[in-house]
Amino acid sequence: MGNFFGTDGIRGVANEDLTSRTAFALGNSLSRLKQNPKVVIGRDTRVSSDMLMLAVAAGVTAGGGDVFDGGVIPTAATAYFVRRLGADFGVVISASHNPARFNGLKVFDANGRKLSEKSERRAEHYFNDYAFCGPLSLGRYRPLPRREDYVDYLVGCAEGSFKGKTFALDCANGAAGCFAPEVFRRLGAKVAVCGVGRGGADINEGCGALHPERVRALVKETGADAGFSYDGDADRLIACDEKGNVVDGDKILYIFAEDLKRRGKLRNEVVVGTTHTNTGAEVALSALGIRLIRTDIGDKYVAEAMQKSGAQVGGEQSGHVILSDYATTGDGILTSVKLAELIAGRKLSKLADVKLYPQYNVSVHVKDKVRLLGDEFLRDKIDREREKVARLVVRASGTEPVIRIFAEAESMKAARSAAEAIRKEIVAAEGG
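Residues numbered from 1 in each chain as written. Predicted model: local features only at pLDDT ≥ 70, side-chain atom pairs only at ≥ 80, totals over all residues. Heavy atoms only, no water.

You'll find the protein chain entered in an unreviewed UniProt entry as Phosphoglucosamine mutase, with Candidatus Borkfalkia excrementavium given as the organism. Regarding the protein chain, the UniProt comment filed under Cofactor (unreviewed entry) reads as follows: "Mg(2+)". Its UniProt record gives the protein chain a comment under Sequence similarities (unreviewed entry), which states: "Belongs to the phosphohexose mutase family." (UniProt positions renumbered as here; feature names shortened; annotations may be inferred.)

Here you go:
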């Protein structure tokens, strides 16, 4: 039994690192965590998602649990239907923003929140010890009823109409394509849409939250009031203002916090970010009397800190934004709806007018993340470079064989210099 779960579920290259055997084991383990569980399964458009869904469903039903298959739906929709149906678990088959050859398995508990690390460890204990119930006790498989309820829910989260507004939407050839355009149209907006392919081989490829240049071009072409880019499973949002400027998760966090504060509705005067949240955003929040709590990278850590602090808004620079008054997890479509709501009175460029510090990010593909990060010479190098910048974070990716390096300084030159020095040290250590 190994450690299968990373910072956001189980990830890997489909049919290589992530196989149907692992998917079956995960599904089957849920019948050990809860007897005869009800499990909602959702997936994105990846070619491998069908195979993995069938394996998860087989594992659940072999152990006596019932499966509700949601088909291609956003991650947040799976969490929504878990709560709505009173299910015990939700499983999302998606590798989020990763390329099409990757896939992943994310699990929600009965409250629609990411499964706790304690429960993940318990599930792993059952991966090599399958539970097979009797032939007349096998679970059943059925389609998820009323998928359109999720659209109704998102429309109901908006206050007022978007009539007279135009929005550009990039659905990343993923799960958002079946939902986001319909939501905005029902709210009265005109929409210009790209990235609605469902073939599965081009998910996130040159489009979506990792490639905001595509929606920027669409905004300029159509004269839209704003652009919204989702990732493959639609739990991220990167926006673009009417001038073509990118509005990332840090600015979105500030926008929602400022609005709640101005209206006297921000509980506890606190929001939650991560180690990557820009210091400029923290300074701007502090000027409003709002405290920023930082967590490790990972939206599940953000969600946990929000629960403890009572924060209504939390998020990551990458576009995972959690609005706890409306949802239990990051929901890119919901975030875009609530952001569009604020644009009714002001331009997005004005709302996002926050001075951010220059940041430099670089990733290094490695064979052994743990060994390299434990290297004494590398740790010493990191300590020396950290003294030269405002912040320096070196961490192992939870979803890929990668070490990520992040540096923030008053100048891009200083940030780049520190990050590149660490990158070169890692490359040298990897080669040795």
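### Some thoughts on the side chain of H276
Residue placement: H276 occurs in the loop between strand 12 (270–274) and helix 9 (279–287). Residue classification places H276 among the buried positions, given a relative accessible area of 11%. If we ignore the near neighbours within four places in the chain, the residues touching H276 are D250, R294, I297, Q317, Q359, N361, R391, V393, R395 and F406. (Helix = DSSP H or I, 4+ residues; strand = E, 2+ residues; numbered from the N terminus. Buried < 20%, exposed > 50% of the residue type's maximum accessible area, 1.4 Å probe, protein only. Contact = heavy atoms within 4.5 Å.)

### Some details on the pairing of strand 2 (residues 38–43)
Taken across its six residues, strand 2 has five buried, putting it largely inside the fold. Pairing geometry for strand 2 and strand 3 (residues 66–72), over five bridges, is parallel. What sits directly across from V39, in strand 3, is V67. What joins strand 2 to strand 3 is helix 2 (residues 49–62), and the crossover it makes is right-handed. Looking at chain direction, strand 2 and strand 4 (residues 89–93) are connected through five bridges and run parallel. Across the sheet, G42 pairs through a bridge with V92, a residue of strand 4. (Pairing = 2+ DSSP bridges. Right-handed = clockwise from strand over helix to strand, strands pointing away.)

### Quick look at the sheet that holds strand 8 (residues 190–194)
Backbone-to-backbone hydrogen bonds pair the strands of a sheet. The strands run either parallel or antiparallel. Strand order in the open sheet formed by five strands is 8-7-9-10-11, and the pairing between neighbours is mixed. Of all strands in the sheet, those bounded by a partner on one side alone are strand 8 and strand 11 (246–247). In terms of strand pairing, strand 10 (residues 237–240) meets strand 11 through two bridges, oriented antiparallel. Residue C240 lies in a different strand from strand 11, and its bridge partner there is V246. Lying over the sheet, helix 7 (residues 213–222) contacts strand 7 (166–170), strand 8, strand 9 (226–230), strand 10 and strand 11, oriented at roughly 155° with respect to strand 7. (Axes fitted to C-alpha atoms, helices over the stretch in contact; angles between N-to-C directions.)

### Examining the sheet that holds strand 1 (residues 10–13)
Taking strand neighbours across the sheet as the criterion, the six strands line up as 1-5-4-2-3-6 in an open arrangement whose pairing is mixed. Unpaired on one side and paired on the other, strand 1 and strand 6 (141–143) mark the two borders of the sheet. Between one strand axis and the next, the sheet turns through 20° on average, direction left out of account. Sheet topology places strand 3 next to strand 6; three bridges connect them, and they run parallel. Its bridge partner lying in strand 6, V67 is registered against Y141. Across the sheet, helix 2 touches strand 2, strand 3, strand 4, strand 5 (102–108) and strand 6, and the angle it forms with strand 2 is around 175°.

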